[in-house]
Amino acid sequence: MLLAALADPTRESIVRLLADGERSVGEIAAQLPVSRPAVSKHLRLLQDSGLVSHRAEGTRNVYALEPATLQALRDEVDSLWRHALARYALVATNTTPGRTKRSRG
Amino acid sequence: MIETQATTLEPVRHRIEVPLTPAEAFELFTAGIARWWPFRGHSCSGERAVDVEFEPQVGGAVVEVTRDGERHPWGTVTQWEPPNRLAMTWHPAQPVECATQLEVRFAASAAGCELHLEHGGWSARGDQAAEVLEGYRKGWAGVLGRFAAAAVENGR
């Protein structure tokens with residue numbers, strides 16, 4: 001899975017932050033308990049891996065997720081709920097009136 | 001020419017039907033979550049997690065609890081309307097700044113209860129396009145304004 005490949009909780013946080021929209025290095029550092037140099041280092045790695053891109057906007061360097069990364073994040077959430085709701089439905093279906101706190105009878 | 005991208009992603013949506021009343025379905029989803037949540041691989045504590053506690057009110061905490069009593073926040077309740085609606089911010093094992101948005105609705109159906117789940121809260125560069133265009137527009141207006149002022153100044 002994408003997030004296993006990130007192999008670092010800070011990189012995971014940066015990717016999730018960028019899922020909300022593009023950010024500059026300073027904006028990312030302001031929202032995470034990580035220094036600017038550390039954020040820059042992580043962003044370089046993420047860029048080398050093709051997960052994020054950056055562009056210059058005036059004096060700011062702005063980072064954004066590559067569309068494929070955003071899609072992978074979404075796919076992961078989709079897959080989580082598919083799995084979790086299947087288990088929910090199984091428990092719901094196998095719940096007999098006597099086993100619920102409130103019975104219909 | 002400035003390119004814009006329509007790359008906002010739609011929320012994840014799922015719908016299931018269960019043979020429970022909406023009230024039972026709501027309770028199973030919240031108070032009964034330990035009976036079905038796949039903690040291994042989908043929690044802060046893996047196999048040590050034993051429950052997720054919901055504080056049943058808007059602003060209430062949603063917290064994973066381990067067998068040793070450790071507590072790990074998952075999010076905050078934004079809507080608590082049993083039996084029909086639950087919504088919360090979602091950020092297990094992440095800072096709150098990285099939260100996405102979850103909404104679950106429970107509606108009575110012929111077979112019991114229809115559950116609609118929507119998990120969203122991500123956008124992409126496309127959402128920034130309008131702001132970038134606005135920024136360019138304001139930028140040029142500023143430049144031209146200064147040019148005009150300078151022209152007037154030089155003309156004196």
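Each chain has its residues counted from 1, running along the sequence as written. Each chain gets a letter, beginning with A, and each ligand a number, beginning with 1, in the order they are written. Confidence filtering applies because this is a predicted model: local features only for residues at pLDDT of at least 70, side-chain atom pairs given and counted only at 80 or more, and all residues used for totals across whole chains, interfaces and linings.

Please give an account of the overall build of chain B that cites residues and values.
Along its length, chain B carries two helices and seven strands. Any residue with 12 or fewer other C-beta atoms within 10 Å of its own C-beta is exposed, any with 20 or more is buried, and the rest are partly exposed; the C-beta atoms used are placed from the backbone. Among the 156 residues that make up chain B, the fraction classed as buried is 22%. The contacts in chain B between residues at least 6 apart in sequence include a share of 41% that link residues at least 24 apart. Strands are runs of DSSP state E lasting at least 2 residues, helices are runs of H or I lasting at least 4, and numbering of each runs from the N terminus. By the convention adopted here, residues are in contact when the distance between their C-beta atoms, placed from the backbone, does not exceed 7 Å.

Describe the interface of chain A and chain B, with residues and values.
Counting residues at the interface gives 32 residues for chain A and 30 residues for chain B. Looking at the side of chain A that touches chain B, the elements with two or more residues in it are helix H2 (9–18), strand E3 (60–65) and helix H5 (67–94) of chain A. Under this grouping Gly is polar, as are all residues other than the nonpolar Ala, Val, Leu, Ile, Met, Phe, Trp, Tyr, Cys and Pro and the charged Asp, Glu, Lys and Arg. Considering only residue class, the side of chain A that touches chain B consists of 17 nonpolar, seven polar and eight charged.

So, the nonpolar core: which residues are in play, and what are the values?
Remark: nonpolar core denotes a set of buried Ala, Val, Leu, Ile, Met, Phe, Trp, Tyr and Cys residues whose joining runs through C-beta atoms within 7 Å. Of all hydrophobic cores here, the largest spans 22 residues; its most connected members are B:Ala25, B:Phe29, B:Val104 and B:Leu115. Elements with a contribution of two residues or more to this core: H5 of chain A together with helix H1 (22–29), strand E2 (49–54), strand E5 (85–90), strand E6 (100–109) and strand E7 (112–120) of chain B. When residues no more than four places from it in sequence are discounted, the contact partners of B:Ala25 are A:Ala92, B:Val18, B:Leu20, B:Phe106, B:Cys113 and B:Leu115. In this structure, A:Leu6, A:Val39, A:Ala64 and B:Trp122 belong to the second largest nonpolar core, which totals 19 residues.

Outline H5(A), supporting the account with residue identities and numerical values.
By definition here, a helix of n residues has an expected span of 1.5 Å times n minus one. For H5(A), which comprises 28 residues, the first-to-last C-alpha distance of 41 Å matches the rise-based estimate of 40 Å (1.5 Å per residue) to within 8%. Within the sequence span of H5(A), burial applies to A:Thr69, A:Leu70, A:Leu73, A:Leu85, A:Tyr88 and A:Ala92.

An account of the packing of H5(A) against H1(B) is requested, with residue identities and associated values reported.
Contact geometry of H5(A) with H1(B) gives a least axis separation of 11 Å together with a crossing angle of 130°. Viewed along their axes, H5(A) and H1(B) adopt a mutual orientation that is oblique. The way H5(A) lies across H1(B) gives a crossing that is right-handed. Contact residues: A:Tyr88, A:Val91 and A:Ala92 in H5(A); B:Ala25, B:Leu28 and B:Phe29 in H1(B). Of the residues contributing to the contact of H5(A) with H1(B), the split by class is six nonpolar, no polar and no charged. For helices, the axis comes from a line fit to the C-alpha atoms of the stretch in contact; other axes are also lines fit to C-alpha atoms, and the angle between any two N-to-C directions lies between 0 and 180 degrees. Here roughly perpendicular refers to angles of 65 to 115 degrees, roughly parallel to angles under 35, roughly antiparallel to angles over 145, and oblique to all remaining angles. Handedness of a crossing is defined here by the sense of rotation of the near helix relative to the far one, left-handed for an anticlockwise turn of less than a right angle and right-handed for a clockwise turn.

Please give an account of the pairing of E3(A) that cites residues and values.
Note on strand geometry: in a regular strand, side chains alternate between the two faces of the sheet. Residue and element names in this part refer to chain A. The sheet contact formed by strand E1 (residues 23–24) and E3 spans two bridges and is antiparallel. Across the sheet, Ser-24 pairs through a bridge with Val-62, a residue of E3. Inspection of the sheet shows strand E2 (residues 52–57) paired to E3 by six bridges, in the antiparallel sense. If you follow His-54 over to E3, its bridge partner there is Tyr-63. In this structure, the hairpin formed by E2 and E3 is closed by a connection of two residues, where Gly-58 is found at a positive phi of approximately 65°. Strands are treated as partners if at least two bridges between them are detected by DSSP.

An account of unusual backbone geometry is requested, with residue identities and associated values reported.
Residue and element names in this part refer to chain B. Of note, the amide linkage connecting Pro-82 to Pro-83 takes the cis form, showing an omega dihedral of 5°. Its place among the elements puts Pro-83 in the loop between strand E4 (71–81) and E5. Within the chain, Ala-93 stands out as a residue other than glycine whose phi angle is a positive 60°. For Ala-93, the location among the structural elements is in the loop between E5 and E6. A tally of 16 C-beta atoms within 10 Å means that Ala-93 is categorised as partly exposed.

Tell me about the sheet that holds E3(A), residues and numbers included.
Sheet strands line up and pair through hydrogen bonds in the backbone, either parallel or antiparallel. All names here are of chain A. An order of E1-E3-E2 is seen for the three strands of this open sheet, with the pairing classed as antiparallel. Only two strands of the sheet have a single partner each, and these edge strands are E1 and E2. Its contacts with the sheet put H2 on E1, E2 and E3, and the angle it makes with E3 is roughly 90°. Packed on one face of the sheet, helix H4 (residues 36–48) meets E2 and E3 and runs near 115° to E2.

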